[in-house]
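Examining the three-dimensional arrangement
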Amino acid sequence: MRPGTRPVWAPQHSGSLSDRVRRRCASGSVPAGLLGAPAVAGRKSHAPAANGRLSLSRSLSFVAGPGVAGLLVQIVGAPLSLLTDAASFLASAGLVTGIRAQEPPPAGSPQSLWQGISEGVRFTFSHPILRPFYLLVSTMNFFNFIYSALGVLYMVRVLHLPPVLIGIPAVLAGLGAIIGSLAAAPLARRAGSGRTMVAGEVMFTGGFLAVPLAFGPRLTATAIIGAGFVIVGIGLMLLDANATTMLQALIPGHLMGRATAANDQLNWGVRPLGALAGGLLGQWLGLHAALWIGTLGALGAALCLVATRVRRYRFGDSPGSPGST
């Protein structure tokens, strides 16, 4: 998962309209604007604190969103709740237009779309830190979306959890995200940005193991999944805030948009493939076996980061020259 992407607390599925409303309200908009934090904060040295605050605001929305959505569905019904949700995006866009930041003009001569994408790809995949980071995070996302296609279905069909119990882990994940967003900057200062980031990704992927491990009566299964999702929330924000700061430090300003857009094609492009693979594996092997493949595959990709230079990165280190080993 690339930093700044929407987390999958409880995966997307074609459930009832009210379920979709709750998921939609619980998720923040994809904060690609996190990469502009240094321009708004004024100096790159302010980026870790700025990213921590942005992550905290997202965490609060994860906690408040499901409750507000459920209340709206009960009071005005699902259709008007969806309309309210759409209006909130318009309000958000209006607030974003009020942001004032001094950004440097684009460097160099104008390029075509494909030239810009090619330059972003070349920079990223010749960089000794960004290359393994994006490849392994994209691999993690592929397996995470295998889980994403099946997780709620497993909770309903195998664990027999009612909607109210399925929603509890999502709220607990939001509480974990608040803890993670508050701890991200202090831990990075003490242990290093890279170690904190890698630990966050391992926690984020490892927490989902609670779903195939859950057993027993409904409340017991919900408690197991809820405990795992607290870890998911903490890990996501440790990863998200520190990885965003790392990208801001390592990608030159004139390449930020091109590199980010090119890498998003990889990071987001594998997600529907993972969801498709999840559906096929669930059909062929059964839900439980397919969930193990998704969760263990994602955790394995996260653990591979330990052996890369990403783990040794500290904010403020010289990024080095792309192509070095």
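Heads up: these notes are all about the structure in this document. Remember, predicted model here, so these are calculated numbers, not experimental data.

Notes on the environment of Leu238
With respect to the helices, strands and loops of the structure, Leu238 is situated in helix H10 (residues 218–250). Counting along the chain gives 61 residues from Leu238 to Ala177, while the straight-line C-alpha distance between them is 8.6 Å. Setting aside chain neighbours within four positions, we find Leu238 in contact with Gly180, Ala183, Ala184, Leu187, Thr196, Met197, Gly200 and Met203.

A closer look at the side chain of Thr245
Within the secondary structure layout, Thr245 lies in helix H10. On the basis of relative accessibility, which here comes to 6%, the residue Thr245 falls in the buried class.

Some thoughts on the packing of aromatic side chains
Within the structure shown, the criterion is met by five aromatic pairs. Pairing Phe142 with Phe143 gives two aromatic rings, centres 5.4 Å apart and planes at 85°, and the pair type is edge-to-face. The class of Phe142 is partly exposed, set by a relative accessible area of 25%. Phe143 sits in the partly exposed class, given a relative accessible area of 22%. Taken together, a centroid distance of 4.8 Å and an interplanar angle of 45° make the contact between Tyr147 and Phe208 tilted. Note that Tyr147 is positioned in helix H6 (residues 130–157) and Phe208 in the loop between helix H8 (193–207) and helix H9 (210–213), a separation of 61 residues in sequence. Tyr147 sits in the buried class, given a relative accessible area of 1%. Residue classification places Phe208 among the buried positions, given a relative accessible area of 1%. Members of the aromatic cluster, connected to one another through ring pairs, are Tyr147, Phe204, Phe208 and Phe229. For Arg271, the ring lying beneath its charged end belongs to Trp268, and the centroid distance is 4.1 Å.

Details of the environment of Leu56
As for its position among the elements, Leu56 is in helix H3 (residues 47–76). Leu56 sits in the partly exposed class, given a relative accessible area of 24%. When the C-alpha positions of Leu56 and Leu182 are compared, they lie 6.8 Å apart, and in sequence the two are 126 residues distant. Discounting residues that sit within four places of it in the chain, Leu56 has contacts with Ile178, Ser181 and Leu182.

Here we look at the nonpolar core
Within the largest apolar cluster, 30 residues are counted, with the highest numbers of intra-cluster contacts made by Tyr147, Met155, Leu159, Leu161, Val211, Ile225 and Phe229. Residue assignment for this core shows that the elements contributing at least two residues are H6, helix H7 (163–191), H10, helix H11 (256–285) and helix H12 (287–304). Here the element with the most residues in this core is H6; it accounts for seven residues. Ignoring sequence-local partners within four residues, the contact set of Leu159 consists of Tyr154, Val211, Ala214, Arg218, Ala221 and Ile225. By size, the runner-up hydrophobic cluster in this structure holds 21 residues, among which are Leu130, Leu305, Val310 and Tyr313.

Remarks on the packing of H8 against H12
Following both chains from N to C, one finds H8 and H12 inclined at 170°, their axes separated by 8 Å at the closest point. Between H8 and H12, the angle falls in the class roughly antiparallel. Contact with H8, carried on its side by Val198, Glu201, Val202, Thr205 and Gly206, involves Ala298, Leu299, Ala302 and Leu303 of H12 and no other residues of that element. Among the residues making up the contact of H8 with H12, the classes are represented as six nonpolar, two polar and one charged.

About the criteria used
Residues numbered from 1 in each chain as written. Predicted model: local features only at pLDDT ≥ 70, side-chain atom pairs only at ≥ 80, totals over all residues. Heavy atoms only, no water. Helix = DSSP H or I, 4+ residues; strand = E, 2+ residues; numbered from the N terminus. Contact = heavy atoms within 4.5 Å. Buried < 20%, exposed > 50% of the residue type's maximum accessible area, 1.4 Å probe, protein only. Phe/Tyr/Trp six-rings, centres within 6.5 Å; stacked < 30°, edge-to-face > 60°. Lys NZ or Arg CZ within 6 Å of the ring centre and 35° of its normal. Core = buried A, V, L, I, M, F, W, Y, C linked by side-chain atoms within 4.5 Å. Axes fitted to C-alpha atoms, helices over the stretch in contact; angles between N-to-C directions. Parallel < 35°, antiparallel > 145°, perpendicular 65-115°, else oblique. Nonpolar A, V, L, I, M, F, W, Y, C, P; charged D, E, K, R; others polar.

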